[in-house]
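Spelled out, the chains give:
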Amino acid sequence: MFKDITHAALSVVFPNRCPFCDGIVGAREYYCPECAASLRYIESGTVEPPHGLSELYACCEYSGAARNAVHRLKNGSYGYTAEAFGVMMTEVVGENLRGYDILVPVPSSFESILRRGYAPAEYIAREISRRSGVRVVEAISASDEKEEQKRFRAAERIVNARRSFVLSGGKAVRGKKILLIDDICTTGATLSSCAELLRNAGAAEVGGAVFAKTVGSA
Ligand SMILES: [Zn+2]
């Protein structure tokens, strides 16, 4: 409730924008109804989880307006885009959020954080946390630095094709039921790598939630 008052109050100074079309929306809105209606929603709210995850929630297919919004998120318009994703993802996971102990954002590479100045998944996780009360733990970081990787034991890092993930909050994940948060899931390799790292660190269970999932050749 408090959050919504802030959202409305801020809109006087900074009009709220729809992340799907970049148009201005009402003080109490996060996106325009036309855009929301154009998304290709995933009926059940869940898709086949990648290896190592117990379940994967996804709001919609990665196409059309959803694709535009993900691009906005990655290219600087993180505030209102993350807010809208957070609203939709909280709705999709719904009551099941209560079953999770912590939210862990999928980290951006150090290089992309330098380039963008922020990590998109972290913003989404913070929005979901504000609405659900489930806390965010930045348990994983990503690195492109080969030298840095050598400092970590194999059990504390996972290297996949794109990034090298390093466990940075080991104690905080032990015995916990964890929901990994990201903007998009394509092959699922990134989520699988993160889940493996968390399970190696003693996580009880790892699920995931993304805004959009690629379907077919999208
Ligand atoms: Zn719109």
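As a starting point, this report considers the structure included with it. (Residues numbered from 1 in each chain as written. Predicted model: local features only at pLDDT ≥ 70, side-chain atom pairs only at ≥ 80, totals over all residues. Heavy atoms only, no water.)

## Some remarks on the pairing of strand β3 (residues 102–105)
No. 1: By the alternation rule, side chains of β3 split into Ile 102 and Val 104 and Leu 103 and Pro 105, which are all buried.
No. 2: Summarising the sheet, β3 and strand β4 (residues 135–136) pair through two bridges and their orientation is parallel. Across the sheet, the residue bridging to Leu 103 is Val 136, located in β4. (Buried < 20%, exposed > 50% of the residue type's maximum accessible area, 1.4 Å probe, protein only. Helix = DSSP H or I, 4+ residues; strand = E, 2+ residues; numbered from the N terminus. Pairing = 2+ DSSP bridges.)

## Focus: the sheet that holds β3
No. 1: Read across the open sheet, the six strands follow the order β1-β2-β9-β8-β3-β4; overall the sheet is mixed. In this open sheet, the two strands that pair with only one neighbour each are β1 (46–47) and β4.
No. 2: Judged from the five bridges that link them, strand β2 (residues 56–61) and strand β9 (residues 205–213) form a sheet pairing that is parallel. Across the sheet, residue Glu 61 finds its bridge partner in β9, namely Lys 213.
No. 3: Sheet strands touched by helix α3 (residues 64–74): β2, β8 (177–185) and β9. Its angle to β8, the strand with the most contacts, is close to 105°.
No. 4: Lying over the sheet, helix α9 (residues 189–200) contacts β2, β8 and β9, oriented at roughly 165° with respect to β8. (Contact = heavy atoms within 4.5 Å. Axes fitted to C-alpha atoms, helices over the stretch in contact; angles between N-to-C directions.)

## Side note on the packing of aromatic side chains
No. 1: Counted according to the given criterion, the structure contains three aromatic pairs.
No. 2: Through pairs of rings, three or more aromatic residues link up here, namely Phe 20, Tyr 31, Phe 85 and Phe 211.
No. 3: Here the basic side chain of Lys 177 rests over the ring of Tyr 100, its NZ or CZ set 4.8 Å away from the ring centre. (Phe/Tyr/Trp six-rings, centres within 6.5 Å; stacked < 30°, edge-to-face > 60°. Lys NZ or Arg CZ within 6 Å of the ring centre and 35° of its normal.)

## Let's talk about the nonpolar core
No. 1: Of all hydrophobic cores here, the largest spans 39 residues; its most connected members are Phe 20, Tyr 31, Phe 85, Met 89, Leu 179, Ile 181 and Phe 211.
No. 2: For this core, the secondary-structure elements that each account for two or more residues are α2 (33–38), β2, α3, α4 (78–93), α6 (120–132), β8 and β9.
No. 3: Ranked by the residues each element gives to this core, the list is headed by α4, at seven residues.
No. 4: Other than its neighbours up to four places away in sequence, Phe 211 contacts Phe 20, Leu 39, Ala 58, Cys 59, Cys 60, Ala 66, Val 70, Phe 85, Met 88, Met 89, Asp 182 and Asp 183.
No. 5: With 27 residues, the next largest nonpolar core counts Ala 139, Ala 142, Leu 197 and Ala 203 among its residues. (Core = buried A, V, L, I, M, F, W, Y, C linked by side-chain atoms within 4.5 Å.)

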